[in-house]
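# A closer look at the structure
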Amino acid sequence: MSAKLIRGGTIVTAADICQADVLIENGVVAAIGEKLERLAPQAEIVDAEGCYVFPGGVDPHTHLDMPFGGTITADDFETGTIAAAYGGTTTIVDFCLTDKGKPLSSAILAWHEKARAKAVIDYGFHLMIGEITDDVLAELPAVINEEGITSFKVFMAYKNVLQADDGTLYRTLLSAKEHGALVMVHAENGDVIDYLIKQALAEGHTEPIYHALTRPSVLEGEATGRAVRLTGLADSQLYVVHVTCEEAVRQIADGRLEGLRIWGETCPQYLLLDITCLEKPDFEGAKYVWSPPLRPREHQEALWNALKNGQLQTVGSDQCSFNFKGQKELGAGDFSKIPNGGPIIEDRFSLLYSEGVGKGRLTLNQFVDVISTRAAKLFGIFPQKGTIAVGSDADIVIFDPAAKRTISAETHHMNVDYNPFEGIEVSGVPVSVLSRGEFIIRDRSFVGQPGSGRFLHRGKYGSTAESR
């Protein structure tokens, strides 16, 4: 690994902003300051004049190479992580799906096979818990201590597919408390949603908009509140993924005010898009089918305010891409068969900067916190990831705030035939991106290597500093 000196930029972390240079040696940050050439006279000079120097983005919510709805996501660990890198993300935590009745270890091995030779950035796994049996309970300590997989996902939706019952959620919370893991929930009332879907189809309602109408925000709020109460009863810790609405924000905020260890994530699509997207003609609304669904526009202000005041703490992509042609079309004539998910991973970083910092909704430090630092802390990889500090991995984004680009499927790098943010102009562009001190994006071109990404053995919940 060659030494590099990033010179002339403005370093921004979740805590500080400063004019300084960054010396990188052996893949980590070796020094931060001025006139660092004397420490490494042979270092390659990287010009960051006029740019921000951000820590690489940490995306805590991706679904790559994942089977769902009779098909498989269009982006695997190669195309998905290349797109992430173009967008300024240098670490992802992907969801490993399990099968009832099979050892957890078999699912973990399958996900390692998916990622090992393909990922161009570093990655970890969350593990889905669909049932709690004696065998599952016996495996959990090894999953946490030996595999370094320290977060578990429980679905409260997708009845008869992924949904777990409340007893499974509660016992998972108890086990997480005992062993030092963080429980994540997809919070929607799957039982009532299942009834509403069947009712809509029986009445002849098949269009994509009914995906949203059968999953109203009150059912997300109810499930979030139920998960918060069960977490309090178990004295455990909870992370609510992809929060979309005011009702869910309120439940998280109330739990945190009571001193419960509750954390919340939202996503760019819920901050910027609304339910009217699903009404687009010629089945175009299917492009915007994901769960929870897009909400009426008035919920967006509640989400932005929650990020600003700390009621929500992270922004994930919920990357789960399906092509419109041949995949989303599986639901033509029946909205319940449209594969749920969208291509978001590449644009998460720039959208949050442009719409957050650029429009005065977030400070620069808040932006870094929600796009990188807080996820690194919560999921046991800070300060290795999520900051620019001496000894941290040199995962760095050189970001030009004056550059502009228009988002389009014609120019994005995801392996999918549409972009939900098509035509939106963003201010601020990642110019170059380094992972552990090596360029993976240089001057907006990919120079990385599939398979260079490393699996992250993550620390337990609470092993890294987090703050309320």
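Everything in this summary refers to the structure shown in the same document. Computed from a prediction, not measured in an experiment: that's the story for all the values here.

## A closer look at the overall build of the protein
A tally of helices and strands in the protein yields twelve helices and 21 strands. Radius of gyration (C-alpha) of the protein: 21 Å, near the 23 Å computed for a compact globule of 468 residues. Across the 468 residues that make up the protein, the buried fraction comes to 63%. Sequence separation of 24 or more characterises 77% of the internal contacts of the protein that already satisfy a separation of 6 or more. Accessible area of the protein: about 16700 Å², with a carbon and sulfur share of 49%. Of the charged side chains in the protein, 43 are positive and 62 negative; the average position of the first set lies 2 Å away from that of the second.

## Notes on the packing of aromatic side chains
Under the defined criterion, the tally for this structure stands at 20 aromatic pairs. Ring centres of Tyr-239 and Phe-379 lie 5.0 Å apart, and the angle between their planes is 70°; this geometry places the pair in the edge-to-face category. Here Phe-379 lies in the loop between helix H12 (364-378) and strand E18 (396-406) and Tyr-239 lies in strand E15 (residues 237-240), a separation of 140 residues in the sequence. The burial state of Tyr-239 is the same as that of Phe-379; both residues are buried. Ring geometry for Phe-283 and Phe-324: centres 6.2 Å apart, planes at 35°, overall tilted. Of this pair, Phe-283 sits in the loop between helix H9 (268-272) and helix H10 (298-309) while Phe-324 sits in the loop between strand E17 (314-315) and helix H11 (348-357), and the two are 41 residues apart along the sequence.

## Considerations on helix H5 (residues 190-202)
Counted at 1.5 Å a residue, the expected span for H5 with its 13 residues is 18 Å, and the 18 Å between its end C-alpha atoms agrees. By the burial criterion, the buried members of H5 are Gly-190, Ile-193, Asp-194, Ile-197 and Ala-200. Projection of H5 onto a plane perpendicular to its axis shows the buried side chains occupying an angular sector of 130°, all on one side. Residues Tyr-195, Lys-198 and Ala-202 are exposed on H5 and point more than 90 degrees away from its buried face. In the core, the buried residues of H5 are packed alongside helix H6 (209-213) and helix H7 (217-234).

## Quick word on empty space enclosed by the protein
Applying the stated rule across the entire model yields three cavities of 30 Å³ or more. As a volume, the largest cavity reaches approximately 150 Å³. If you trace the largest cavity, you find 17 residues lining it, with His-63, Tyr-158, Asp-318, Cys-320 and Asn-340 closest to the centre. Residues belonging to the lining of the largest cavity are distributed by class as follows: eight nonpolar, seven polar and two charged. Classifying every residue of the lining of the second largest cavity gives four nonpolar, two polar and four charged.

## Section: the layout of surface pockets
Here the largest pocket defines a volume of roughly 360 Å³. Taken together, 17 residues make up the lining of the largest pocket; nearest its centre are Phe-68, Tyr-158, Val-161, Arg-215 and Ser-336. A total of four residues in the lining of the largest pocket trace back to one element, the largest contributor, which is H5.

## Digging into the pattern of salt bridges
For side chains of opposite charge, pairing can occur when their charged atoms come near one another. Per the stated rule, a full pass over the model turns up 28 salt bridges. For Glu-44, the salt bridge is made with Arg-442, and the minimal N-O distance between the two is 2.5 Å. Placement of Glu-44 in strand E6 (residues 44-47) and of Arg-442 in strand E20 (residues 438-442) is noted, with a sequence separation of 398 residues between them. By relative accessible area, which is 32% here, Arg-442 ends up partly exposed. Linking Lys-177 and Asp-235 is a salt bridge whose minimum nitrogen-to-oxygen distance equals 2.9 Å. One end of the pair, Lys-177, is in helix H4 (residues 166-179); the other, Asp-235, is in the loop between H7 and E15, and 58 residues separate them in sequence.

## As for the pairing of strand E11 (residues 89-96)
Counting buried residues along E11, eight of its eight residues qualify, which places the element largely inside the surrounding structure. Both strand E8 (residues 57-62) and E11 contribute to a ladder of four bridges, which runs parallel. Bridging across to E11, Gly-57 finds its partner in Thr-89. With six bridges joining them, E11 and strand E12 (residues 122-128) adopt parallel strand pairing. Paired with Ile-92 across the two strands is Tyr-123, which belongs to E12.

## Some details on the environment of Met-414
Residue placement: Met-414 occurs in the loop between E18 and strand E19 (425-435). Look past the residues within four positions of Met-414 in its chain and what remains in contact with it is Asp-75, Ala-83, Gln-319, Pro-343, Ile-344, Ile-345, Glu-346, Asp-347 and Asn-419.

## Points about the sheet that holds strand E7 (residues 52-55)
Read from one edge of the open sheet, seven strands run E3-E2-E7-E18-E19-E20-E21, paired in mixed fashion. Two strands lie at the open edges of the sheet, namely strand E3 (17-19) and strand E21 (445-446), each paired on one side alone. Across three bridges, the pairing between E19 and E20 is antiparallel. In the sheet register, Leu-434 faces E20, and the bridge partner there is Phe-439. The strands touched by H11 within the sheet are E7, E18 and E19, with E19 carrying the most contacts at an inclination of about 135°.

## Here we look at the side chain of Arg-256
Its location among the elements puts Arg-256 in helix H8 (residues 246-257). Note on Arg-256: relative accessible area 12%, which makes it buried. Among the polar contacts listed, one links the side chain of Arg-256 to the backbone oxygen of Ile-262, at a separation of 2.6 Å.

Cut-off values and rules
Residues numbered from 1 in each chain as written. Predicted model: local features only at pLDDT ≥ 70, side-chain atom pairs only at ≥ 80, totals over all residues. Heavy atoms only, no water. Helix = DSSP H or I, 4+ residues; strand = E, 2+ residues; numbered from the N terminus. Rg over C-alpha atoms; globule rule 2.2 N^0.38 Å. Buried < 20%, exposed > 50% of the residue type's maximum accessible area, 1.4 Å probe, protein only. Contact = heavy atoms within 4.5 Å. Areas by Shrake-Rupley, 256 points an atom, 1.4 Å probe, with all protein chains shown as cover. Lys, Arg positive; Asp, Glu negative; His and termini not counted. Charge placed at Lys NZ, Arg CZ, Asp CG, Glu CD. Phe/Tyr/Trp six-rings, centres within 6.5 Å; stacked < 30°, edge-to-face > 60°. Expected span 1.5 Å × (residues − 1). Arc of directions from axis to C-beta. 1 Å grid on protein atoms, 1.4 Å probe; cavity = no way out; pocket = protein on both sides within 12 Å on 5 of 7 lines; lining within 4 Å. Points joined across faces, edges and corners; volume = space filled by probe spheres on them. Nonpolar A, V, L, I, M, F, W, Y, C, P; charged D, E, K, R; others polar. Salt bridge = Lys/Arg side-chain N within 4 Å of Asp/Glu carboxyl O. Pairing = 2+ DSSP bridges. Axes fitted to C-alpha atoms, helices over the stretch in contact; angles between N-to-C directions. Polar contact = N/O pair within 3.5 Å; in protein donor to acceptor, adjacent residues only side chain to side chain.

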